[in-house]
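Residue-level listing of the chains:
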Amino acid sequence: MRDEDSKLRPVLRIDFPPGERLGRGKIMLLELIRETGSISAAGRAMDMSYRRAWLLVDALNRMFKEPSVESQRGGKQGGGAAVTAFGEMLIQRFRAMEAKACAAIEDDLDWLEAVRDPNAVSVTETVSDK
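Since the model is a prediction, treat every value here as computed from it, not as a measurement. (Residues numbered from 1 in each chain as written. Predicted model: local features only at pLDDT ≥ 70, side-chain atom pairs only at ≥ 80, totals over all residues. Heavy atoms only, no water.)

(A) Structural context of unusual backbone geometry. Geometrically, the link from Pro17 to Pro18 is a cis peptide bond, its omega value of 10° lying close to zero. On the secondary structure map, Pro18 appears in the loop between β1 (13-16) and β2 (20-23). Despite not being glycine, Asp47 shows a phi value in the positive range, around 65°. (Helix = DSSP H or I, 4+ residues; strand = E, 2+ residues; numbered from the N terminus.)

Here it is, written out as structure tokens:
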């Protein structure tokens, strides 16, 4: 039986003209901000700099009519960040879209799983071994 991490799965990404994107990375960042209460801690959990995490949050906040994250600058009680009600809805809707996409192509994924070579070496493994 295969490990859950090696199971085939589609990756959902929504392209917003003129070049913004919404995908699992930004949604995961929102989930981690909700969990940690901090843009910095969420970024660290994803192995990214605070600046990169902040830029992604800023992009998210500018993509929609309502912000996804509200932040508070440092002070007596320190800084912090919170996912807004809209941000929570965004997380839920995106995860629901992912589930619908998986369900819609489940038969095709099963077929791909049946015909793939489980012993095939990926290009990234081959390149990094040299």
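(B) Structural view of the packing of helix α1 (residues 24-36) against helix α3 (residues 50-63). In the contact formed by α1 and α3, the axes pass within 10 Å of each other and the chain directions differ by 105°. Relative to α3, α1 is oriented roughly perpendicular. Residue-level contacts link Lys26, Leu29, Leu30 and Ile33 of α1 to Ala53, Leu56, Val57, Ala59, Leu60 and Met63 of α3. (Axes fitted to C-alpha atoms, helices over the stretch in contact; angles between N-to-C directions. Parallel < 35°, antiparallel > 145°, perpendicular 65-115°, else oblique. Contact = heavy atoms within 4.5 Å.)

(C) The arrangement of the pattern of salt bridges in detail. All chains considered together, the criterion is met by eight salt bridges. Between Asp15 and Arg13 there is a salt bridge whose closest N-O contact spans 2.9 Å. With relative accessibility at 47%, the residue Asp15 sits in the partly exposed group. Notably, a salt bridge pairs Glu88 with Arg34, separated by 2.8 Å at the nearest N-O pair. On the criterion of sequence distance, the pair formed by Glu88 in helix α4 (residues 85-104) and Arg34 in helix α1 is long-range, its members being 54 residues apart. Take Glu88: its relative accessible area is 22%, and that puts it in the partly exposed class. Connected through salt bridges with shared partners, the residues Arg13, Asp15 and Arg21 form a single ionic network. (Salt bridge = Lys/Arg side-chain N within 4 Å of Asp/Glu carboxyl O. Buried < 20%, exposed > 50% of the residue type's maximum accessible area, 1.4 Å probe, protein only.)

Note that every value here comes from positions in space, so none of it alone points to a role or purpose.
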